[in-house]
Amino acid sequence: MRPRCYISIQRVIVVLALLVIFLQVFHIYLMMQQEDPPANIKGKPSSTSGKLMLQEIKNAYMLDSSGYYFIVPNILRGGGVFHSSVSPDIALATHTTSNNLQHLVQLSKRWQGLISVSVLTHSHDAEYALQSILRLYECNKDIEQNVMFHLVFPVSSHKYISNIVHRDVNCDNEQTKNTHDYENFEIGELQYPHNILRNLAMKMVTASFVLVSDIDLLPSVNLSKSFQMDMINSKIVRNKSAYILPVFETGENKYIPSTKEELLTDKNVLPFYGNVCAKCQKFTNYTGWKNTRKSDKLEVAFTVEWQHPYEPFFIAAKSSLPLYDERFKQYGYNRVSQVRSVHVKILAGIS
């Protein structure tokens, strides 16, 4: 009679867990070996800010949920709001590639408060992207004071990126243009992970309320201050509500209105996505908003109910915001599942 062999379930689970960990580490190792570092990247040693930024990147070992991207939070941090003894109550979280970083200049002038921005890059774009970030940080007071930068890049790009040496920034000279002619948020063949970037920017915010927006959307002048004074300080704002912002678009290189009064008289301004996906924004009720009475304070104009496939931009309590679904890549309905989850939480009274 043959002897029986017994294996405990606990041992099997432990062995499988160790195997998964080993495979994950081996996967990271293989991806990091896919590209060799550049033979020689010559440059003048960077400033203190640049050295700190590069050190953060070299020590990058945090992966996203898919295991495909390295995530590096706070490669540069705003010296004003971030180090303030009083935490800001409202912040803006956004995302971009190197192609649209220039929007931060105007955005930081309009949004006088903390901005958290995630930047996607990869091997052949990284040197330009990092130099652009450093230049924005060192040459713009509003950005140096209020913006915190985070970096996301494929694991396979780590070896290249960690060997980059930056030149010192000279704010009097124009920056060299990117040698890769990418359009919009395109970055070679790399799919744009909107929701990984949004989640990173949102997680790093310490404020009570947050606006998750696209980097090329400019808020009204003083929106952050008005929301702070008229809604938060006056205790009108509620944690279980989402405060929708009517969003508009204008032609390329057109003047962008600063106030509602300017917007209403500008014939180049149209409701956001009116020609692309009108049903995605129509529930904002643009006509109702345009006809609201003028007020010296920021107020709630009226209430709207969420309906599919509504994708509004809104300010809400960070504690009430679920994370975005990181499986979405590229374009098309990448925000709607999160908006629906916010709607369900509000209806259920969950904070």
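Cut-offs applied
Residues numbered from 1 in each chain as written. Predicted model: local features only at pLDDT ≥ 70, side-chain atom pairs only at ≥ 80, totals over all residues. Heavy atoms only, no water. Core = buried A, V, L, I, M, F, W, Y, C linked by side-chain atoms within 4.5 Å. Buried < 20%, exposed > 50% of the residue type's maximum accessible area, 1.4 Å probe, protein only. Contact = heavy atoms within 4.5 Å. Helix = DSSP H or I, 4+ residues; strand = E, 2+ residues; numbered from the N terminus. Pairing = 2+ DSSP bridges. Arc of directions from axis to C-beta.

**Remarks on the nonpolar core**
The nonpolar side chains of a soluble globular protein tend to be buried, and buried together.
No. 1: By size, the foremost hydrophobic cluster in this structure holds 44 residues, and its most contacted members are Ile75, Leu104, Leu130, Ile133, Phe149, Leu151 and Phe227.
No. 2: If sequence neighbours within four positions are ignored, leucine 151 has contacts with Ile57, Phe70, Ile71, Val72, Ile75, Val119, Thr121, Leu130, Ile133 and Leu200.
No. 3: Ala91, Met202, Val205 and Trp306 belong to the second-largest nonpolar core, a separate cluster that totals 20 residues.

**Describing the pairing of strand E4 (residues 147-154)**
No. 1: Counting buried residues in E4 gives eight out of eight residues, a clear majority hidden from the surface.
No. 2: Residues of E4 alternate between two faces, with Val147, Phe149, Leu151 and Phe153 on one and Met148, His150, Val152 and Pro154 on the opposite face, all of them buried.
No. 3: Both strand E1 (residues 69-76) and E4 contribute to a ladder of five bridges, which runs antiparallel. Across the sheet, the residue bridging to valine 72 is leucine 151, located in E4.
No. 4: The sheet contact formed by strand E3 (residues 114-120) and E4 spans six bridges and is parallel.

**Topic: helix H2 (residues 48-58)**
No. 1: Listed as buried for H2 are Ser49, Gly50, Met53, Leu54 and Ile57. All buried residues of H2 fall inside an arc of 130° around its axis, so they share one side. Relative to its buried face, H2 has exposed residues pointing more than 90 degrees away, namely Thr48, Lys51 and Leu52.
No. 2: Its buried side turned inward, H2 meets E1, helix H4 (123-139), E4 and helix H6 (158-161).

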